[in-house]
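Summary of structural features
Now for the letters of each chain:
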Amino acid sequence: MLLRATALFVCALAMGATALAQNSVVVGAFGQETSRAYTTADGLPDNDVARISVDAAGAVIAEGVAGWVVVFDGTQWTRDDARKPVPPDYDGPESIERELTCRPARAASGWLAVGTLSGLRITSDETGDDILVSPADATRSWDPKPIKAVAFDSLDRLWFASPQGVGVLDEKGWSLYDGHDGLPYNDFTSAAGGADGSIWFGTTKGAIHFDGTHWAYRQGKRWLPSDEVRSIAVTSNGDAFFATPAGVGVIRRIPMTLKEKAAHYEDLIDKYHRRTPYGFVIEAYLKEPGNIESAQTGDSDNDGLWTSMYGAGECFAYAATKDPKAKERADKAFDA
């Protein structure tokens, strides 16, 4: 009875898919987020990375806790003993230096933002004025401390991160954000602005991206070598690099169509999610976290359910594309 009901359900889906295909629209490429981890296998002297940065020439530089410096060539990391770890950009009063809680950030206009135990300070190179800032927007007034990260983005806006939340200062004034505004987490370690005006925040439990409207939380092996993000650097094309105690991670967006994305997942299904000569399509478990090559399948009382859902999806694919491979997959799922 259950199998008959499932077959009828899938046939109805296929009929709906055919109708849907007759009213289809053309969808172009979109920016698909992908992640990659780099370790000693990729040239790092060890995986305990303290800081990541981008130099004036656009090269990505990683610094180790042990003092080494490596340069990224797009594939591998190469040690460069001629380079030295980049010192913090601060030459102000010793009393303030003792209170520093993060690396200062310098604006294109010359202003220097300094995070301290007692709050956020802004210093002008031209006048020498040093101001302890109290951020406030239309509804809130904060005295944020300690400041855990400061950064200027590509629009020369000032960002700070603190246990109270994050804030940004532009020509209109302050905008403040906390958990009620969508901020996912608040134990910050670092911040870096992107070329598109967006901002990345590092935390002790993952990374956060904010484009001014949407918050994105990236945590776990799917995205990072370790949840402890110590430092972030963003390249001119938007690639975000992360220094962690388990290596360097990068999250980048690559142009991809929905067809290309579907092909990617079909390939993964064929490699890791099929079981028995009948080709049941079921879940897979990783014996080693983050290593897809360690995927294993096992029998489940849901084998028929997952396989029928997969068959329904292939019916939609065939109705939309007329790809004979999609029909072949649907037939195989029904046979199973």
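Note that the structure is predicted; figures quoted are calculated from it, not measured.

The next thing to look at is the pattern of salt bridges. This model, assessed by the stated rule, comprises 22 salt bridges. Here R253 and E33 are joined by a salt bridge, their closest N and O atoms 3.7 Å apart. Separated by 220 residues along the polypeptide, R253 in strand β20 (residues 247–256) and E33 in strand β1 (residues 30–38) bring together distant segments of the chain. For R275, the salt bridge is made with D303, and the minimal N-O distance between the two is 2.4 Å. Here the residue R275 occupies a position in strand β21 (residues 274–275), and D303 occupies one in helix α4 (residues 303–321), the gap between them amounting to 28 residues. Members of the salt-bridge network, linked through shared partners, are D137, R140, D178 and D181.

So, about helix α5 (residues 324–335). Here α5 contains 12 residues, and its C-alpha end-to-end distance of 16 Å stays within 8% of the 16 Å for a straight helix at 1.5 Å per residue. By the burial criterion, the buried members of α5 are A326, R329, A330 and A333. All buried residues of α5 fall inside an arc of 100° around its axis, so they share one side. α5 presents P324 and D335 as exposed residues on the side facing more than 90 degrees away from its buried surface.

Here we come to α4. The end-to-end C-alpha distance of α4 is 27 Å, a good match for the 27 Å that 19 residues give at a rise of 1.5 Å each. Of all the positions in α4, only D303, T307, S308, Y310, G311, A312, E314, C315 and A319 are classed as buried. The positive-phi residue at the C-terminal boundary of α4 is K322, with phi of around 60°.

Turning our attention to the packing of α4 against α5. Their axes nearest at 8 Å, the elements α4 and α5 cross at an angle of 155°. The orientation of α4 with respect to α5, classified from their angle, is roughly antiparallel. Between α4 and α5 lies a crossing whose hand is left-handed. Note on element contacts: α5 touches α4 through P324, A326, K327, R329, A330, A333 and F334, opposite T307, Y310, G311, E314, C315, A317 and Y318. Residue composition of the contact of α4 with α5, grouped by class: nine nonpolar, two polar and three charged.

One open sheet holds the four strands; their spatial order is β14-β15-β16-β17, and the pairing between them is antiparallel. Pairing within the sheet leaves two strands with one partner each, and these edge strands are β14 (188–193) and β17 (215–218). Each adjacent strand pair in this sheet contributes to an overall mean axis angle of 20°, direction not counted. Two elements, strand β15 (residues 199–203) and strand β16 (residues 206–210), share five bridges in a ladder whose sense is antiparallel. What sits directly across from T203, in β16, is G206.

Okay, the sheet that holds strand β12 (residues 165–170) next. In sheet architecture, strand pairing relies on hydrogen bonds along the backbone and comes in two forms, parallel and antiparallel. Taken in spatial order, the four strands of this open sheet run β10-β11-β12-β13, and their pairing is antiparallel. This sheet does not close on itself; its edge strands, each paired only once, are β10 (149–152) and β13 (173–177). Strand-to-strand twist of the sheet, defined as the mean angle between neighbouring strand axes without regard to direction, takes the value 15°. As judged from the five bridges shared by strand β11 (residues 158–162) and β12, these two strands associate in the antiparallel manner. Following the sheet pairing, A161 is matched in β12 by V166.

Across four bridges, β16 lies against β17 in antiparallel orientation. Counted as the bridge partner of F210 is W215 from β17. A loop of four residues connects β16 with β17, the two strands running antiparallel in sequence, and G212 in this loop sits at a positive phi of about 100°.

Positionally, D42 belongs in the loop between β1 and β2 (49–54). Under the relative-accessibility criterion, D42 is labelled buried at 10%. At a separation of 3.4 Å, a polar atom in the side chain of D42 contacts the side chain of R36. Excluding its chain neighbours within four sequence positions, the residues that come into contact with D42 are R36, A37, Q76 and W77.

With that settled, the discussion passes to a nonpolar patch on the surface. Together, V25, V27 and L258 make up a nonpolar patch on the protein surface, roughly 300 Å² of accessible area in all. The residue L258 is located in helix α3 (residues 258–272) in this model.

At the junction of K145 and P146, the peptide bond is cis and its omega measures out at -10° in the coordinates. For P146, the position within the fold is in the loop between β9 (130–133) and β10. Of note in this structure, T276 is not a glycine but carries a positive phi near 70°. Take T276: it is sitting in the loop between β21 and β22 (280–281). According to the relative accessible area criterion, T276 is partly exposed, its value standing at 34%. For K322, which is not glycine, the phi dihedral falls at a positive 60°. Relative to the helices and strands, K322 resides in the loop between α4 and α5.

Criteria and thresholds
- Residues numbered from 1 in each chain as written.
- Predicted model: local features only at pLDDT ≥ 70, side-chain atom pairs only at ≥ 80, totals over all residues.
- Heavy atoms only, no water.
- Salt bridge = Lys/Arg side-chain N within 4 Å of Asp/Glu carboxyl O.
- Helix = DSSP H or I, 4+ residues; strand = E, 2+ residues; numbered from the N terminus.
- Expected span 1.5 Å × (residues − 1).
- Buried < 20%, exposed > 50% of the residue type's maximum accessible area, 1.4 Å probe, protein only.
- Arc of directions from axis to C-beta.
- Axes fitted to C-alpha atoms, helices over the stretch in contact; angles between N-to-C directions.
- Parallel < 35°, antiparallel > 145°, perpendicular 65-115°, else oblique.
- Left-handed = near helix turned anticlockwise from the far one by under 90°.
- Contact = heavy atoms within 4.5 Å.
- Nonpolar A, V, L, I, M, F, W, Y, C, P; charged D, E, K, R; others polar.
- Pairing = 2+ DSSP bridges.
- Polar contact = N/O pair within 3.5 Å; in protein donor to acceptor, adjacent residues only side chain to side chain.
- Patch = residues over 30% accessible without salt bridge, like charges linked within 9 Å, V, L, I, M, F, W, Y side chains within 5 Å.
- Areas by Shrake-Rupley, 256 points an atom, 1.4 Å probe, with all protein chains shown as cover.

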